[in-house]
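Results of the structural survey
What follows is the residue order along each chain.
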Amino acid sequence: MHEMSLAEGVLQIIEETARREGARRVKQVVLEIGRLSSVEPSALAFCFDVVTRGSVAEGAELVIDEIQGSGWCMPCGKTVALGERYAPCPHCGRFQIQPTGGTDMQVREIEIE
Amino acid sequence: MCTVCGCGAGETRIEGQPPHEHEHEHADGTRHSHPHEGETHAHPPATAGQGHWHQHADGSWHSHSHTHDHPYVPAGTLHYGQGPARAHAPGLSQARMVRIEQDILGKNDAYARANREHLAGQAILALNLVSSPGSGKTSLLTRTLTALKDHHPLAVIEGDQETAFDAERIRATGVPALQINTGKGCHLDAHMVGQALAQIALPAGGILFIENVGNLVCPAAFDLGEAAKVAILSVTEGADKPLKYPDMFHAARLMIINKMDLLPYVDFDVDQAIAYARRINPQLQVLTVSATRGDGFDAWLAWLDTELGAVKQTRIDSLERELARLRGA
């Protein structure tokens, strides 16, 4: 359940931003979660609801934008779409792929008032 | 874990330190902190009611409670970008979007960078040992420490949910060890390790082993400031584990297959396990050992020597550059 730690990380970022901007309430939180990052969106959403209770972000709407995975296929010498870390290259069927996109998770923006 | 707010972080205990406090902010903007020891604490009751959670046709996930305005948006489109943030006229509504673009693990990564610099400054090779519970990490460590303790300065940071049993096993070898208990936490993070570094006698010019909580999932995401993650798999587990837990085998530099002495008695295909792991991580280095009998230890100790040599050389190069700069000035 490291999603709980990640949700706490999200809350810290939100609280710092809300304080800096003098916000009374956070209405919406938009996250970008890469498909190859080690996080499960539904588990993160559950934890988000739990950790934001009693905070400035209580009841905020959570939007998670999933970013497609991609990787550099060494045999093909090009960037290919990657659904999973263990997936083969869709062109050559081999596994020598270095993930290059969709590995990050970040708080993109928040809506405050 | 605080059963109301769900925070597990307040339960971390590092040997020799009082339990740390838990700070949080309330809706009215006040912050307060308090220890968690032996008590739960009251939060304002959750007023948002049950939120709801669904996936849009474009794959994005979306949850919200039903207590606030929810402008109509046609199916298949996202809320943000069309909501009040982009469309609102100044003065009509106080709502506004703030662009953040901050990595969720940014704070952990900043602590990890500080740990890494601290360790590099003392030419310490730090290794983060990760595996399932029961793969033989502690047995591997005790045999390794016994073999190395007369040759290199050594120290161990032990991570477990509860008990100091492992740290005691390590101390029995004569090597200093510090136990971190994560409470309900499922992994070590860079902040815990930073606190431990401040407390333990650092093995300058030697090796620091960090034995993570036995868990093949969560520790993959948390950089501790180590030089490399070493994933340990044992032949009593499934050969397909690298595919089942790909994040960890992707994050590791070295995979050690342990309990090779039991290979005749179990159905474990070593070549298949290595092939699966290299699907996830083509650069992964692999060693096979038996921590109880000592098979394969020469190669493992040689690997450690090479890595330690590289860390020391980096420090020497950096000191020589600094000396040259001072002499030239």
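Being a predicted model, the structure only gives us computed values, none of them experimental.

**Regarding the overall build of chain B**
Scanning chain B from N- to C-terminus turns up nine helices and 13 strands. Within chain B, buried positions represent 49% of all 329 residues. Considering only contacts in chain B between residues 6 or more positions apart, those separated by 24 or more positions represent 65%. With an accessible surface of roughly 15500 Å², chain B has 53% of that area assigned to carbon and sulfur atoms.

**Re the sheet that holds strand S5 (residues 97–101) of chain A**
Sheets are built from strands paired through backbone hydrogen bonds, the pairs being either parallel or antiparallel. Residues and elements named next belong to chain A. The three strands are arranged S4-S3-S5 in an open sheet whose pairing can be described as antiparallel. Each edge of the sheet is formed by a strand with only one pairing partner; in this case those strands are strand S4 (78–82) and S5. Across this sheet, the average inter-strand angle for adjacent strands is 40°, counted without regard to direction. Strand direction decides the pairing type here: strand S3 (residues 69–73) and S4, joined by five bridges, are antiparallel. Paired with tryptophan 72 across the strands is threonine 79, a residue of S4.

**Notes on the packing of helix H1 (residues 2–21) of chain A against helix H2 (residues 41–52) of chain A**
Axis angle and axis distance: for two packed helices, these are the angle between their axes and the distance between the axes, and together they describe the pair. Residues and elements named next belong to chain A. Across the interface, H1 lies against H2 with an axial gap of 8 Å and an inter-helix angle of 55°. By the angle between their axes, H1 is oblique relative to H2. The element H1 and its partner H2 pack so that their crossing is right-handed. Contacts between H1 and H2 involve Glu3, Met4, Leu6, Ala7, Glu8, Val10, Leu11 and Ile14 from the first element and Ala43, Leu44, Cys47, Phe48, Val50, Val51 and Thr52 from the second. In terms of residue class, the contact of H1 with H2 is built from 12 nonpolar, one polar and two charged.

**Here's the deal with the environment of methionine 105 of chain A**
Within the secondary structure layout, methionine 105 of chain A lies in strand S6 (residues 105–112). Taking the C-alpha atoms as reference, methionine 105 of chain A lies 15 Å from cysteine 47 of chain A; in sequence the two are 58 residues apart. Look past the residues within four positions of methionine 105 of chain A in its chain and what remains in contact with it is Leu6, Glu32, Ile33, Ser37, Ser38 and Val39 of chain A together with Asp103, Ile104 and Leu105 of chain B.

**Remarks on the pattern of salt bridges**
Per the counting criterion, the structure on display carries 16 salt bridges over all chains. The partner of aspartate 295 of chain B in a salt bridge is arginine 293 of chain B, with the nearest N and O atoms 2.6 Å apart.

**Thoughts on the nonpolar core**
Formed by 35 residues in total, the largest nonpolar core has its most connected members in Val26, Val29, Leu31, Val107 and Ile110 of chain A. When residues in this core are grouped by element, the largest group, eight residues, is from H1 of chain A. Judged by nonpolar contacts, the second largest core, of 30 residues, contains Ala177, Trp300, Leu301 and Leu308 of chain B.

**As for the sheet that holds strand S10 (residues 207–211) of chain B**
All names here are of chain B. If you trace the eight strands from one edge of the open sheet to the other, you get S1-S9-S8-S10-S7-S11-S12-S13, paired in mixed fashion. Two strands in the sheet have a free side with no partner beyond their single neighbour: strand S1 (13–14) and strand S13 (285–288). Sheet contacts for helix H8 (residues 270–280): strand S11 (228–234), strand S12 (254–258) and S13; angle to S12, the most-contacted strand, approximately 160°.

**Some thoughts on the packing of aromatic side chains**
The final tally for this structure, using the stated rule, is one aromatic pair over all chains. Sitting over the ring of phenylalanine 297 of chain B, arginine 143 of chain B keeps its end group 5.7 Å from the ring centre. Taking NZ or CZ as reference, arginine 279 of chain B lies 4.0 Å from the ring centre of phenylalanine 95 of chain A, over its face.

**Observations regarding helix H9 (residues 297–328) of chain B**
Each full turn of the α-helix corresponds to 3.6 residues, which orients residues three or four apart in the same direction. Between its first and last C-alpha atoms H9 of chain B spans 46 Å; for 32 residues at 1.5 Å apiece the expected length is 46 Å, and the two agree. Looking at H9 of chain B, one finds that the buried residues are Phe297, Trp300, Leu301, Trp303, Leu304, Glu307, Leu308 and Val311 of chain B.

**Here's the deal with the side chain of glutamate 32 of chain A**
All names here are of chain A. Secondary-structure assignment places glutamate 32 in strand S1 (residues 26–34). At 2.5 Å, the side chain of glutamate 32 and the side chain of arginine 108 are in polar contact. When neighbours within four sequence positions are excluded, glutamate 32 is seen to be in contact with Asp65, Ile67, Asp104, Met105, Gln106 and Arg108.

**Describing the confidence of the model for chain B**
Residue and element names in this part refer to chain B. Of all residues in chain B, 73% attain a pLDDT of 70 or more, and the chain-wide mean is 81. Counted against residues more than four places away or in other chains, residues 29–51, with its pLDDT under 50, gives 52 contacts. Across residues 65–92 the pLDDT falls below 50, and counting only partners more than four positions away or on other chains, this stretch makes 52 contacts in the model. As scored by the predictor, the complex reaches a pTM of 0.77 and an ipTM of 0.80.

Cut-offs and rules
Residues numbered from 1 in each chain as written. Chains lettered and ligands numbered in written order. Predicted model: local features only at pLDDT ≥ 70, side-chain atom pairs only at ≥ 80, totals over all residues. Heavy atoms only, no water. Helix = DSSP H or I, 4+ residues; strand = E, 2+ residues; numbered from the N terminus. Buried < 20%, exposed > 50% of the residue type's maximum accessible area, 1.4 Å probe, protein only. Contact = heavy atoms within 4.5 Å. Areas by Shrake-Rupley, 256 points an atom, 1.4 Å probe, with all protein chains shown as cover. Pairing = 2+ DSSP bridges. Axes fitted to C-alpha atoms, helices over the stretch in contact; angles between N-to-C directions. Parallel < 35°, antiparallel > 145°, perpendicular 65-115°, else oblique. Left-handed = near helix turned anticlockwise from the far one by under 90°. Nonpolar A, V, L, I, M, F, W, Y, C, P; charged D, E, K, R; others polar. Salt bridge = Lys/Arg side-chain N within 4 Å of Asp/Glu carboxyl O. Core = buried A, V, L, I, M, F, W, Y, C linked by side-chain atoms within 4.5 Å. Phe/Tyr/Trp six-rings, centres within 6.5 Å; stacked < 30°, edge-to-face > 60°. Lys NZ or Arg CZ within 6 Å of the ring centre and 35° of its normal. Expected span 1.5 Å × (residues − 1). Polar contact = N/O pair within 3.5 Å; in protein donor to acceptor, adjacent residues only side chain to side chain. pLDDT = per-residue confidence, 0-100.

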